[in-house]
Amino acid sequence: MTTAARDTTRSGNQDERHGTAVVVGASLAGLMTGLALSHAGVDVTMLERSGAVPRARRGAALGGVSEGLLSRITGSRHSKNGSAPLSSVASGVQSWTAVHARLRAAVDADPHIELRPHTTVRGVGQDADSARAITADQQTFRGDVVIGADGHGSVVRAAVAPDKPDATFAGYLIWLGLTDESSLVPSCHLPRDVDILSGGEDYLLGYPLPGPDGSVTPGSRQAGWAWYDASHNDLLRETRAVVGNVVRRSLTSADIPEATFRELVDKAEDLWPSPWREAILDCIERRAVIGTPIAEYVPDQLVNGRLALVGDAAHVPTPMTGSGFSASLHDAEAVAAAVSAGVRGQAMAQALREYERKRLSSVRSMVQSGQQFSRSFTGLAA
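Since we're looking at a predicted model, the values are computed, not measured.

Some remarks on the overall build of the chain
Across its full length, the chain holds 9 helices and 19 strands. Residues counted as buried form 52% of the 382 residues belonging to the chain. Within the chain, contacts between residues at least 6 apart in sequence are counted, and of these 73% link residues at least 24 apart. Approximately 16300 Å² of the chain is accessible, and the part contributed by carbon and sulfur atoms is 48%.

Encoded structure:
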């Protein structure tokens, strides 16, 4: 079965459209890329293997995200079909889920974007006139370009950089948790910004986040934490979260042995001050903890003909850089500008090479700066 990306002329909208794109992946980078392409006059089909917010992202946080930055990529806070305005986010550290929800709402409101959940892409290809994504159920989606926004384990990357298809394990994991501020004892006061703490061979980032309803009123917020740990690599390999030197998945609570939870309790009580000690213990008691092995990828190229990469599919830095979100936004805007300038004929490959020229040096430097931390950190724990 072959499904073409949609016609370039939409009923009810007289905006001039400039071609079609297939975006693989609807996480943050994919959503931003879809929106940027649509704003540039390109019709978009998005293919996403999941149907909702991935569990592994719950508890993760993003720095440097403001309402202004999100409005830049989402456009007007009012939808184009007359539905309710998009919700805003407070400035500062944000939960991954809140930012994803804001971007997803903008995509759902955009008549030039079709998002197809539960659609797993197994491979991509191209010819002189188009690019294509082939799904697990043998559907083929065609467009003038295919853009891989499918994360650190990208399928599209294997076609863009076949000699270097995999992100590699950085040698440590991050334990992540999220708890309601109201569940902590009254004497636990959250800071206004991120706490970065060192405890022996470990690091901890603790951060206040808006509550589930977006409230930033003290007492109604959430406390998020990310515990950098290089001492449980054997567990990652035993559970096949890491295979060889490639990160395959995160650990859920069901993957974590009771002995490991008890060890984390003992270490948290010994290493971390209030309020993060209490937040960690609360998450462990509720078994609301995930373990994310950290991958890194320094790209040598971002494009191949009509195929391009953005976000973690293109470059994978350690979260310690704090640059992943802004880098993905810049990727989205740059690739959209390139695609809208050259969607027809041989101009596409040339336009995408211009995208690569603008972004490659910057994102390589970003990942390499994070690798310096990773090597230092894993050396401490060795």
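After that view, the rundown keeps rolling.
Some details on the packing of helix H6 (residues 258-271) against helix H7 (residues 276-285)
Between H6 and H7, whose axes approach to 9 Å, the crossing angle comes to 170°. As judged from the angle between their axes, H6 and H7 are roughly antiparallel. Two packed elements cross with a definite hand, and for H6 against H7 that hand is left-handed. Contacts between H6 and H7 involve Phe-261, Leu-264, Val-265, Ala-268 and Glu-269 from the first element and Arg-277, Ile-280, Leu-281 and Ile-284 from the second.

Things to note about the environment of Pro-191
Tracing the backbone shows Pro-191 in the loop between strand S11 (168-180) and strand S12 (195-199). The buried category is assigned to Pro-191, whose relative accessible area is 17%. Separated by 16 residues in the primary sequence, Pro-191 and Tyr-207 place their C-alpha atoms 7.4 Å from one another. Discounting chain neighbours no more than four positions away, the residues touching Pro-191 are Pro-208, Arg-221 and Trp-276.

Considerations on the packing of helix H2 (residues 67-74) against helix H8 (residues 324-341)
It is the contact of H2 with H8, at a shortest axis distance of 11 Å, that shows an interaxial angle of 25°. In terms of orientation, H2 and H8 fall into the roughly parallel class. When the axes of H2 and H8 are compared, the crossing they make is left-handed. In this structure, H2 contributes Leu-69, Leu-70, Arg-72 and Ile-73 to the contact, and H8 contributes Phe-325, Leu-329, His-330 and Glu-333. Grouping the amino acids of the contact of H2 with H8 by side-chain chemistry returns 5 nonpolar, 1 polar and 2 charged.

Details of the confidence of the model for the chain
As a note on interpretation, predicted positions should not be read in detail where pLDDT is low. Across the chain, the average pLDDT comes to 87, with 87% of residues at or above 70. Note on residues 77-86: pLDDT is under 50 here. Beyond four places in sequence and across chains, it has 20 contacts.

Structural notes on the sheet that holds strand S18 (residues 303-304)
On the basis of which strands lie adjacent, the open sheet formed by 6 strands has the order S6-S3-S2-S10-S19-S18 and mixed pairing. The sheet terminates laterally at strand S6 (113-116) and S18, the two strands that pair on one side only. The strands touched by helix H1 (residues 28-39) are strand S2 (20-24), strand S3 (43-47), S6 and strand S10 (145-148); relative to S3, the strand with the most contacts, the crossing angle is about 165°.

Describing the sheet that holds S11
Taken together, the 5 strands give an open sheet; going across it, the order is S12-S13-S14-S11-S17, and neighbouring strands pair in antiparallel fashion. Each edge of the open sheet carries a strand with a single partner, namely S12 and strand S17 (289-296). Averaged over all pairs of adjacent strands, the angle between strand axes in this sheet comes to 25°, irrespective of strand direction. Of the strand pairs in this sheet, S11 and S17 are connected by 7 bridges, and their pairing is antiparallel. The residue of S17 that forms the bridge with Leu-176 is Ile-290. Sheet strands in contact with H6 are S11, S12, strand S13 (202-209), strand S14 (222-229) and S17, and its direction is about 105° off that of S14. In this fold H7 packs onto S11, S12, S13, S14 and S17, with an angle of close to 85° to the strand it touches most, S14.

Thresholds, definitions, all that
Residues numbered from 1 in each chain as written. Predicted model: local features only at pLDDT ≥ 70, side-chain atom pairs only at ≥ 80, totals over all residues. Heavy atoms only, no water. Helix = DSSP H or I, 4+ residues; strand = E, 2+ residues; numbered from the N terminus. Buried < 20%, exposed > 50% of the residue type's maximum accessible area, 1.4 Å probe, protein only. Contact = heavy atoms within 4.5 Å. Areas by Shrake-Rupley, 256 points an atom, 1.4 Å probe, with all protein chains shown as cover. Axes fitted to C-alpha atoms, helices over the stretch in contact; angles between N-to-C directions. Parallel < 35°, antiparallel > 145°, perpendicular 65-115°, else oblique. Left-handed = near helix turned anticlockwise from the far one by under 90°. Nonpolar A, V, L, I, M, F, W, Y, C, P; charged D, E, K, R; others polar. pLDDT = per-residue confidence, 0-100. Pairing = 2+ DSSP bridges.

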